[in-house]
Amino acid sequence: MTVKDEIHWTTTAQSAPDVEPLKTSLSVDVLVVGGGLTGCRTALGLAEAGVSVALVDGKNIGWGASGRSGGQCNPIWRKTPAELGRILGARHGDNLVRTTLTAADDLFSDIRTYQVDCDAVQAGWVQAAHTRRAVKTMRALGKAWSDAGADITEMEGTEVYDASGSTAYKWALRHKAGGHVHPLSLTRGYAKAAIARGAQMFRDTPVTRLERLDGKWRAKAGAGEITAENVVLTTNAYTDDLWPDLKKTFHPLVSISIATTPLSEDQRRTVLPGSVTLSDSRLAIYYARYDRDGRLIFGCVGSNDNVDTLGGYGRLRRGLKTVFPQIADIPVERKWAGRIAVTPEMMPHMHEPAPGVLAGIGFSGRGIAMTSVMGRALSSKLLGTSGDDLPFPVLPISPIPMHGITRRLIPLAAPAMTLKDRFDTVTNGA
């Protein structure tokens, strides 16, 4: 069977919103640059409040990571609430903890409120430890979040197998609020809801120049021009040079995925029973979930936009055999890649680099749950909410030291992390 180099979600998504390239000049209150989950949720919040908003994307709505993601709603951070407080400060740490505890439920509530057809399933997330050392770290993480109010339970031995169908793990956390969605359909659903409330959206409209004139921002956007009181940048891992140094605040890692042929009913009883999502503690993380037709979506960290680079597809097949040996030889229909913006703190950044300009980027693998949080936060800030009451502090743009060198080394990160994971498995045990 030939494996297609094709984003699986484009074949099963709800219809795209009816948008065209911008060809004229217009004036709005807010210009949103970037048509992914963050941008569309920001536009939706603003339009619902009666703000005139235009959203533009250089490609199409959901073209970037929002249409390539694994679609898993993994609702807690890799850091404890106490660590968040130390990183963000006590007030923003408390704000983010409260927001995180409801983030998954808020996402699925949004989906119901705006009647988004995105194959939403909130059946829980199994977060598995791949070594004994990882058990210690994850136990502390789970206890800290459970003490803060999250519904998390520990599983061991046969409990892990019964919940995940995997023989690769002997210990895991189960997060009741987790789940999965069709990421492209979610993005398109947000976009349609925003348009229905008055937002204007344009595809194939790259912003190539942004300048301050007469107290407003003027953007050269495709064949047209947009004047706005405020600009919101939500281009995440596909950020270019539009705003100086913004793309130097994160590392553009890559997530690669495969979609298998649909599993039989017998196979589904032994692989992710109950349609939970799964991810593990590897540096080159393995993750898995079903789509609506019973295909297994399985992913890990890749090297660049070509899934095959430096053996990426081979890592996926070996990973599938490791995690689910009972379907090791199942045919694969499609393979694809998408970029992830990973910040040094593994936390999103909100920036205000100039009066009237905001940016929200860097979701570090937690995009399905946290892009909606960021979208609501960005729209709230523009609607007058105090910065002290937001879940993220407003930070200055601070480029990562030696960013150019590290960016060139990123293709080597996935094989290096894979080697480290193998070493850890040998030395620390499964």
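Everything below is about the structure printed above this text.
What comes next concerns the included structure. Only a predicted model underlies this, so the values are computations on that prediction, with no experimental measurement involved. (Residues numbered from 1 in each chain as written. Predicted model: local features only at pLDDT ≥ 70, side-chain atom pairs only at ≥ 80, totals over all residues. Heavy atoms only, no water.)

### Observations concerning the pattern of salt bridges
- A full pass over the atoms with the stated rule returns 27 salt bridges.
- Here Lys 335 makes a salt bridge to Asp 5, at a shortest N to O gap of 2.6 Å. Remark: Asp 5 occurs in strand S1 (residues 4-5) and Lys 335 occurs in strand S17 (residues 332-342); sequence separation between them is 330 residues.
- For Asp 5, a relative accessible area of 57% corresponds to the exposed category.
- For Arg 139, the salt bridge goes to Glu 154, with nearest N and O atoms at 3.4 Å. On the criterion of sequence distance, the pair formed by Arg 139 in helix H5 (residues 132-148) and Glu 154 in strand S6 (residues 152-156) is long-range, its members being 15 residues apart.
- A residue is classified by how much of its surface remains accessible, and Arg 139, at 36% relative accessible area, is partly exposed. (Salt bridge = Lys/Arg side-chain N within 4 Å of Asp/Glu carboxyl O. Helix = DSSP H or I, 4+ residues; strand = E, 2+ residues; numbered from the N terminus. Buried < 20%, exposed > 50% of the residue type's maximum accessible area, 1.4 Å probe, protein only.)

### So, the sheet that holds strand S14 (residues 277-280)
- The strand order S1-S17-S13-S16-S15-S14-S5-S7-S6 describes an open sheet built from 9 strands, whose pairing is mixed. Each end of this open sheet is capped by a strand with a single partner; those strands are S1 and S6.
- Contacts between H5 and the sheet are confined to strand S5 (125-128), S6 and strand S7 (171-175), with S7 contributing the most and set at about 25° to the helix. (Pairing = 2+ DSSP bridges. Contact = heavy atoms within 4.5 Å. Axes fitted to C-alpha atoms, helices over the stretch in contact; angles between N-to-C directions.)

### Overview of helix H9 (residues 312-323)
- With 12 residues, H9 extends 16 Å between its outermost C-alpha atoms, agreeing within 8% with the 16 Å of an ideal straight helix rising 1.5 Å per residue.
- For H9, the set of buried residues is Gly 312, Tyr 313, Arg 315, Leu 316, Gly 319, Leu 320 and Val 323. All buried residues of H9 project into a common sector of 155° when viewed along the axis, lining one side.
- Contacts made by the buried residues of H9 are with strand S13 (251-262), S14, strand S16 (295-302), S17 and helix H12 (413-428). (Expected span 1.5 Å × (residues − 1). Arc of directions from axis to C-beta.)

### Details of helix H3 (residues 81-88)
- Along H3, the residues classified as buried are Pro 81, Leu 84 and Leu 88. Burial along H3 is one-sided: seen end-on, the buried residues are contained in an arc of 55°.
- Buried residues in H3 make contact with helix H4 (90-113) and H5.
- Directly after H3, the chain includes Gly 89, whose backbone phi takes a positive value near 95°.

### A short note on the nonpolar core
- Membership of the largest hydrophobic core comes to 61 residues, with the highest contact counts inside it found for Val 53, Trp 77, Ile 111, Trp 145, Leu 186, Met 201 and Phe 392.
- Other than its neighbours up to four places away in sequence, Trp 145 contacts Ile 76, Trp 77, Lys 79, Thr 80, Pro 81, Leu 84, Val 97, Thr 100, Leu 101, Ala 150 and Ile 152. (Core = buried A, V, L, I, M, F, W, Y, C linked by side-chain atoms within 4.5 Å.)

### With respect to unusual backbone geometry
- The phi dihedral of Asp 214 is positive, around 55°, even though this residue is not glycine.
- Its location among the elements puts Asp 214 in the loop between strand S10 (207-213) and strand S11 (216-221).
- Within the chain, Asp 245 stands out as a residue other than glycine whose phi angle is a positive 70°.
- You can see Asp 245 is positioned in the loop between strand S12 (224-233) and S13.
- Taking the relative accessible area as the measure of exposure, Asp 245 reaches 34% and is therefore partly exposed.

### A look at a nonpolar patch on the surface
- Together, Leu 310, Met 402, Ile 405, Leu 409 and Leu 412 make up an exposed nonpolar region whose accessible area comes to about 500 Å².
- Following the sequence through the fold, Ile 405 ends up in helix H11 (residues 403-409). (Patch = residues over 30% accessible without salt bridge, like charges linked within 9 Å, V, L, I, M, F, W, Y side chains within 5 Å. Areas by Shrake-Rupley, 256 points an atom, 1.4 Å probe, with all protein chains shown as cover.)

### Structural notes on the side chain of His 349
- With respect to the helices, strands and loops of the structure, His 349 is situated in strand S18 (residues 349-354).
- Taking the relative accessible area as the measure of exposure, His 349 reaches 7% and is therefore buried.
- The contact partners of His 349, leaving out residues within four places of it in the chain, are Thr 249, Thr 343, Ala 359, Gly 360, Ile 361, Met 374 and Leu 395.

### Thoughts on the packing of aromatic side chains
- For the coordinates displayed, the defined rule picks out 4 aromatic pairs.
- For the pair Trp 63 and Tyr 238, a centre-to-centre distance of 5.4 Å together with 70° between the ring planes defines the contact as edge-to-face. In this pair, Trp 63 sits in the loop between strand S3 (53-56) and strand S4 (72-73) while Tyr 238 sits in the loop between S12 and S13, placing the two residues 175 residues apart along the sequence.
- Here the aromatic rings of Tyr 286 and Phe 298 are separated by 5.6 Å at their centres, their planes lie at 40°, and the arrangement is tilted. Placement of the pair is Tyr 286 in the loop between S14 and strand S15 (287-290) and Phe 298 in strand S16, with a sequence separation of 12 residues.
- By relative accessible area, Tyr 286 is classed as buried at 13%.
- Over the ring of Tyr 190 we find Arg 41, and its NZ or CZ is 5.8 Å from the ring centre.
- The side chain of Arg 268 reaches across the aromatic face of Tyr 290, ending 4.0 Å from its centre. (Phe/Tyr/Trp six-rings, centres within 6.5 Å; stacked < 30°, edge-to-face > 60°. Lys NZ or Arg CZ within 6 Å of the ring centre and 35° of its normal.)

### Examining the environment of Thr 137
- Along the polypeptide, Thr 137 turns up in helix H5.
- Among the residues examined, Thr 137 registers a relative accessible area of 55% and is labelled exposed.

### Focus: the environment of Met 402
- One can find Met 402 in the loop between strand S20 (394-395) and H11.
- Sequence separation between Met 402 and Lys 248 is 154 residues; the distance between their C-alpha atoms is 9.3 Å.

### A short note on the side chain of Ser 257
- As for its position among the elements, Ser 257 is in strand S13.
- In this structure the side chain of Ser 257 is engaged in a polar contact, spanning 3.3 Å, whose partner is the side chain of Tyr 287.
- Beyond its immediate chain neighbours, meaning those up to four positions away, Ser 257 contacts Tyr 287, Phe 298, Gly 299, Leu 316, Arg 334, Lys 335 and Trp 336. (Polar contact = N/O pair within 3.5 Å; in protein donor to acceptor, adjacent residues only side chain to side chain.)

By themselves these figures say nothing about function.
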